[in-house]
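Topology and contacts: notes
What follows is the residue order along each chain.
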Amino acid sequence: MKRISLFIISILTISASAQTTVKQDAGIKQMVDEVSSKNIEAIVRKLVSFKTRHTLSDTVSKTEGVGAARNWIKAEYERYAAASNGRMKVEFDAFIQPQGNRVDKPTPMKNVLAILKGTDTTDKRIYIISGHYDSRVTDVMNIKDFAPGAVDDASGTAVSMELARVMAKRSFPATIIFMAVVGEEQGLYGSTNVAKRAKAEGWQIDAMLNNDIVGNTYGMETGLKDNRSVRVFSEGVPAVENEKQAATRNSVGGENDSPARELARYTKEIAERYVEQLDVKLIYRRDRYLRGGDHTPFSQQGYTAIRITEMNEDFNRQHQDIRKENGVDYGDLPDFADYDYIQKVARMNLTVLANLSLAPSEPQNVGILTSGLTNKTQLKWDAPKGKAPAGYYVLMRETISPFWEKKFYVTGTSANIGYSKDNYLFAVQAVDADGHESLPVFPKPVR
Ligand SMILES: [Zn+2]
């Protein structure tokens, strides 16, 4: 058993008397400041200018349709990549989608990927940020009419692109992929293709952030105006789980500690460390009620993925023909988007990608010892692969608490905590000397 530091870094962030120590990395803070609402607005307005980005629309025109849009996105990524010293490679991820419900004939489709290679060739970690660049109006098969899709989802695409611009100039040990995917509105086809390809090619994707509908700050019907809150959706029970894993989850009460949920809590902690006037609202479900998005195909391939979406949606905007009815404007036009808000969401994503890719890898084989009954909790783990961490945080919270409440800093690979595993939940994360934390790992029972 290793000695536990008496210094508890952060305690009870939800109680009124709590204090949180904020320690920022100057490099990450500088990148956060570089994310520009002006650039984001220019990207959104340019995407809207293609008239429609419907997945089945024209691919020949240089100025209109999905083909012109994806060519422009690729050229923009290549422009950003020029500052990367050859580390950022831009490619189309092309495939032919067979005929289906919302695809009237076999159709060639292209995602755009900007891959910023990690500087450590032995580091296999990949972090993905994604938005979908396709758009639609009321009729999902209408490929002709003006479908601006400013918020759904030029906003998320702009987040991927603006972060590629800012981060291409910097070095990270792990690889970051900035995606703009197609076919979301027709059935998540673009993201499904990347997720399946990743699985088949053995990509080690440790986190996937899906940004879809991140630019509106007005709530239809409620009249709420909120440019401060953003939702992060995460599944509790993993989409992929075998019988043995399910049995373990049931017997330790791990249904609120899936990898996606650890990523969601991590996102809140890191983003609020850097981004001012931002409240990350964790929604403990895979997506909005009965709805889905591009993170789901990644979850289904066993990857850790979350969805990021504005707090209040305006359904007079999404999937609507442009029109005025009884004095109400319908349609996803760029004048209704809040670019300072998208900037905030982009900054939030940046902090997570940067902190993760600068951090050590996750500790391995994290376990709680169960050989004897005790009112304490004995944890042990193995050091991560790659860069050695300075130490580890053992995270602890009450079973009814949504967020971690205490962090115990230890330098060895075990800890004996004077609180019972019957009454508290635990996880372990690796941390380097600059304070970059890995994702927390929820322990398995070990003997
Ligand atoms: Zn969308």
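This text goes with the structure placed above it.
One structure accompanies this document, and this report is about it. (Residues numbered from 1 in each chain as written. Predicted model: local features only at pLDDT ≥ 70, side-chain atom pairs only at ≥ 80, totals over all residues. Heavy atoms only, no water.)

1. Regarding the layout of surface pockets
Rolled over the atoms, a probe as big as a water molecule pinpoints where empty space is left. Taken as a whole, the largest pocket spans an internal volume of roughly 1,500 Å³. Lining the largest pocket are 50 residues, and of these P259, T304, E362, V441 and K444 sit closest to its centre. Taken together, the elements giving at least two residues each to the lining of the largest pocket come down to β6 (204-211), α7 (243-252), α8 (259-274), β12 (364-369) and β18 (444-446). Looking at the lining of the largest pocket element by element, the count peaks at 5 residues for α7. Split into classes, the residues belonging to the lining of the largest pocket amount to 21 nonpolar, 14 polar and 15 charged. Split by domain, the residues of the lining of the largest pocket number at least three in each of domain 1 (11-23 + 362-446) and domain 2 (35-358). (1 Å grid on protein atoms, 1.4 Å probe; cavity = no way out; pocket = protein on both sides within 12 Å on 5 of 7 lines; lining within 4 Å. Points joined across faces, edges and corners; volume = space filled by probe spheres on them. Helix = DSSP H or I, 4+ residues; strand = E, 2+ residues; numbered from the N terminus. Nonpolar A, V, L, I, M, F, W, Y, C, P; charged D, E, K, R; others polar. Domains from an automatic or database assignment.)

2. Considerations on the packing of aromatic side chains
Per the counting criterion, the structure on display carries 7 aromatic pairs. Between the aromatic rings of F50 and W72, the centroid separation amounts to 6.3 Å while the plane-to-plane angle is 50°, which identifies the pairing as tilted. You can see F50 sitting in the loop between α2 (37-48) and α3 (66-81) and its partner W72 sitting in helix α3, a full 22 residues away along the chain. Owing to a relative accessible area of 3%, F50 belongs among the buried residues under this scheme. Accessibility expressed as a relative area gives 17% for W72, which makes it buried. Ring plane angle 45° and centroid distance 6.4 Å describe the contact between F298 and Y303, whose orientation is recorded as tilted. Residue classification places F298 among the buried positions, given a relative accessible area of 0%. (Phe/Tyr/Trp six-rings, centres within 6.5 Å; stacked < 30°, edge-to-face > 60°. Buried < 20%, exposed > 50% of the residue type's maximum accessible area, 1.4 Å probe, protein only.)

3. Considerations on the coordination of the zinc ion
Looking at the metal site, the zinc ion is ligated by H132 (NE2), D152 (OD), D212 (OD) and D212 (OD), spaced 2.0 to 2.6 Å from it. Around the zinc ion, the 4 donor atoms are arranged such that angles at the metal cover 52 to 146°; this shape is classified as irregular. Summarised as a motif, the one-chain spacing of the donors to the zinc ion is H-x19-D-x59-D. Highlighted residues: D152 in helix α4 (residues 150-167) and D212 in the loop between β6 and β7 (229-233), separated in sequence by 60 residues. For the residue pair D152 and D212, the accessibility class agrees, reading buried in each case. (Donors = N, O, S within 2.8 Å, 3.2 Å for Na, K, Ca; no water. Tetrahedral: all angles 85-135°; square planar, octahedral: opposite > 155°, others 65-115°.)

4. Section: the sheet that holds β18
Spatially, β16-β13-β12-β18 is the arrangement adopted by the 4 strands of the open sheet, whose pairing is mixed. Of all strands in the sheet, those with a lone pairing partner are β16 (414-417) and β18, marking the two edges. Taking the axes of each pair of neighbouring strands and ignoring which way they run, one obtains an average angle of 30° across the sheet. As paired elements, β12 and β18 share 3 bridges and run parallel to each other. (Pairing = 2+ DSSP bridges. Axes fitted to C-alpha atoms, helices over the stretch in contact; angles between N-to-C directions.)

5. Side note on the sheet that holds strand β4 (residues 125-132)
With mixed pairing, 8 strands are arranged side by side in an open sheet as β2-β3-β5-β4-β6-β9-β7-β8. Single-partner strands in this sheet number two, and they are β2 (88-97) and β8 (279-283). Each neighbouring strand pair of the sheet contributes to a mean axis angle of 25°, computed without reference to strand direction. Note: β4 against β6, 6 bridges, orientation parallel.

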